[in-house]
Amino acid sequence: MASTKNPAKALMGSFKELGLTAAQVRHFVPEWWDDDAAADEGGLLELQIVLARRLNVALESLHATAPKPEFRAATRRFKTIHPEGSTQLAAAAGVGHGLAHVLAGACKTEALQERLSPTDLRARILETYPAVTLEGLCRWLWEHGVPVVHILNWPKQLRRPDAMCLRVGARPVVLVVRKEIAPARLAYLVAHETGHFMSGHLAADNNAVLVDDTLPVDEQGFAKDEDEKVADTYAMELLGGDALRSACRDVGKQSEEVKLAAAALKASKGTGLDAGQVILGWARLTEDWKLAGMAMRYLMTTQAAPIVVNDVAKSYIDLNALSSDGMDHLARLTSMRFDDE
Ligand SMILES: [Zn+2]
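What you see is a predicted model, and the numbers here were worked out from it, not measured in a lab.

Bringing the overall build of the chain into the picture now. Tallying secondary structure elements over the chain gives 15 helices and 5 strands in all. For 341 residues, the compact-globule estimate of 2.2 N^0.38 gives 20 Å, and the C-alpha radius of gyration of the chain, at 21 Å, lies within 12% of that figure. Judged by the C-alpha coordinates and their principal axes, the chain covers about 70 × 40 × 35 Å. Looking at the chain residue by residue over its 341 residues, the buried ones come to 55%. About 15,400 Å² of surface is accessible on the chain, with carbon and sulfur atoms providing 51% of the total.

On to the coordination of the zinc ion. Donor atoms from the polypeptide that coordinate the zinc ion comprise His192 (NE2), His196 (NE2), Asp212 (OD), Asp212 (OD), Glu228 (OE) and Glu228 (OE), at 2.0 to 2.5 Å from the metal. Seen from the zinc ion, its 6 donor atoms lie at angles of 55 to 136 degrees, and the figure they make is irregular. Counting gaps between the donor residues of the zinc ion yields the pattern H-x3-H-x15-D-x15-E. With His192 in helix H8 (residues 183-198) and Glu228 in helix H9 (residues 226-239), this pair connects stretches of sequence that are 36 residues apart. Accessibility expressed as a relative area gives 0% for His192, which makes it buried.

This part takes up unusual backbone geometry. Positive phi outside glycine occurs at Asn56, with the angle close to 55 degrees. Here Asn56 lies in the loop between helix H3 (41-54) and helix H4 (60-63). Asn56 gets classed as buried once you look at its relative accessible area, which sits at 5%. One non-glycine residue, Gln157, lies in positive phi territory at about 65 degrees. The topology assignment puts Gln157 in the loop between strand S2 (148-150) and strand S3 (163-168).

Turning to the sheet that holds strand S4 (residues 171-176), a few remarks are in order. Ordered by their spatial adjacency, 5 strands build an open sheet running S1-S5-S3-S4-S2, and the pairing between neighbours is mixed. Each edge of the sheet is formed by a strand with only one pairing partner; in this case those strands are strand S1 (76-79) and S2. On average, each strand axis in the sheet is tilted by 15 degrees relative to the strand beside it, whichever way the strands run. With 3 bridges joining them, S2 and S4 adopt parallel strand pairing. Along S4, the bridge assignment pairs Val148 with Val174.

It is the contact of helix H11 (residues 257-268) with helix H13 (residues 289-299), at a shortest axis distance of 8 Å, that shows an interaxial angle of 65 degrees. The handedness of the crossing between H11 and H13 is right-handed. Every residue of H13 that contacts H11 at Glu257, Val258, Leu260, Ala261 and Leu265 is listed here: Leu291, Ala292, Met294, Ala295, Tyr298 and Leu299. Across the contact of H11 with H13, the residue classes break down as 10 nonpolar, no polar and 1 charged.

With that out of the way, let us pick up the state of the cysteines. Inspection of the entire model under this criterion finds 0 disulfides. Summary of cysteine pairing: Cys165 is not part of a disulfide, and the nearest cysteine sulfur, belonging to Cys138, is at 14 Å. For Cys165, a relative accessible area of 0% translates into the label buried.

Scanning all chains against the criterion turns up 2 aromatic pairs. Between Trp32 and Trp33 the ring centres are 6.4 Å apart and the planes differ by 70 degrees, which places this aromatic pair in the edge-to-face class. Since its relative accessible area comes to 49%, Trp32 is described here as partly exposed. Taking the centre distance of 6.1 Å and the plane angle of 10 degrees together, the rings of Trp142 and Tyr316 count as stacked. Placement of the pair is Trp142 in helix H7 (residues 134-143) and Tyr316 in helix H14 (residues 305-316), with a sequence separation of 174 residues.

On to H7, then. Of all 10 residues that make up H7, 7 are buried, and the element is covered over most of its length. Just past H7, the residue Gly145 takes up positive phi, approximately 75 degrees.

The buried fraction of S3 amounts to 6 of the 6 residues, a majority that puts the element mostly inside the structure. Of the two faces of S3, the one holding Ala163, Cys165 and Arg167 and the one holding Met164, Leu166 and Val168 are both buried throughout. Here S3 pairs with S4 via 6 bridges, running antiparallel. The partner of Val168 across the bridge, within S4, is Arg171.

Looking now at the domain arrangement of the chain. Size of an interface: often given as the accessible area lost when the parts come together. The domains assigned to the chain are domain 1 (7-63), domain 2 (76-239 + 304-334) and domain 3 (241-299). Each of domain 1 and domain 2 has a C-alpha centre, and the two are 27 Å apart. At the interface, 16 residues of domain 1 touch 18 residues of domain 2. Considering only the surface of domain 1 that becomes buried against domain 2, Gln24, His27 and Arg54 emerge as the three largest contributors, covering 43% of it. Viewed at the interface, domain 2 and domain 1 are joined by 2 salt bridges. Asp328 is paired through a salt bridge with Arg54; the nearest N and O atoms lie 3.0 Å apart. Taken together, domain 1 and domain 2 are joined by 7 residue pairs in polar contact (both at pLDDT 80 or more). For the side of domain 1 that touches domain 2, the elements supplying multiple residues, two or more each, are helix H2 (22-26) and H3. For the side of domain 1 that touches domain 2, the element with the highest residue contribution is H3, accounting for 3 residues. Residue classes in the side of domain 1 that touches domain 2 are distributed as 7 nonpolar, 4 polar and 5 charged.

Reading guide: rules and limits
Residues numbered from 1 in each chain as written. Predicted model: local features only at pLDDT ≥ 70, side-chain atom pairs only at ≥ 80, totals over all residues. Heavy atoms only, no water. Helix = DSSP H or I, 4+ residues; strand = E, 2+ residues; numbered from the N terminus. Rg over C-alpha atoms; globule rule 2.2 N^0.38 Å. Buried < 20%, exposed > 50% of the residue type's maximum accessible area, 1.4 Å probe, protein only. Areas by Shrake-Rupley, 256 points an atom, 1.4 Å probe, with all protein chains shown as cover. Donors = N, O, S within 2.8 Å, 3.2 Å for Na, K, Ca; no water. Tetrahedral: all angles 85-135°; square planar, octahedral: opposite > 155°, others 65-115°. Pairing = 2+ DSSP bridges. Axes fitted to C-alpha atoms, helices over the stretch in contact; angles between N-to-C directions. Left-handed = near helix turned anticlockwise from the far one by under 90°. Contact = heavy atoms within 4.5 Å. Nonpolar A, V, L, I, M, F, W, Y, C, P; charged D, E, K, R; others polar. Disulfide = S-S within 2.5 Å. Phe/Tyr/Trp six-rings, centres within 6.5 Å; stacked < 30°, edge-to-face > 60°. Domains from an automatic or database assignment. Buried area = accessible area lost by both parts, 1.4 Å probe. Salt bridge = Lys/Arg side-chain N within 4 Å of Asp/Glu carboxyl O. Polar contact = N/O pair within 3.5 Å; in protein donor to acceptor, adjacent residues only side chain to side chain.

And the structure:
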């Protein structure tokens, strides 16, 4: 039944006004789904339920013969400087909500209620980890009931924001979307999102979402919005503050990547600083991003940054609490594999 009257196709095509093409909606359709199953009322209902959950739209809005999907009520804030950004970011928020609900249900620990200052959080992480690294930060968050994952498999041609943070009930959830290889860069993004929820920027209601379109990973100080300034300051303090700034200056003039990597390792040794952050900070001072990028590769003893985030996530996710649909959805968006469990 390849006709365009197929109700499954009509349903997927109906998300256009929300900024999602039929092909992008198909990204959220489980692999077992066959469009022909929509000829049956029960089959169509199943697809409606799955899409409503995964894209955070009201199920009732999908029931009509000519469906008009509507996002479920949420307090949404979009941090973008692009004029057309908000429709695309609204779609991103829908995707974020759908995934955040799955993660919140699969997190064993009760959510952290305390708001920690960046120096306090830094001190807590350093009790267990040698520095506030990407892995250390993600582990600490999961252990305190804050899920963090990387959405590697973002729908094609849908605007890819850098990151978002959301609230599911009282639980904050951090989603990283930006593709980066260097762990230090994603550590900055996670630290920034942590700054948002630790500073109460999600306090408005239980369904709040904050989408960060583009974050100043490489440059500091251009954030115009007050919340963005607060989250950036929080991130910088969490990652090392004055000690980090002084280590970056100590690295001095460099023109070879291996020497830069060595100088950063030396400057960070025994200081609780991550050498990758020292290189990032050095690049902010010198604007030599090319050399910094090459030097960071010498420090990569771990996997690429998104894999670091998702390997940590996988070790904390409670598989018994995950429905098979939730697992399918999570696996699809994050590229995590659960079939070897
Ligand atoms: Zn932000």
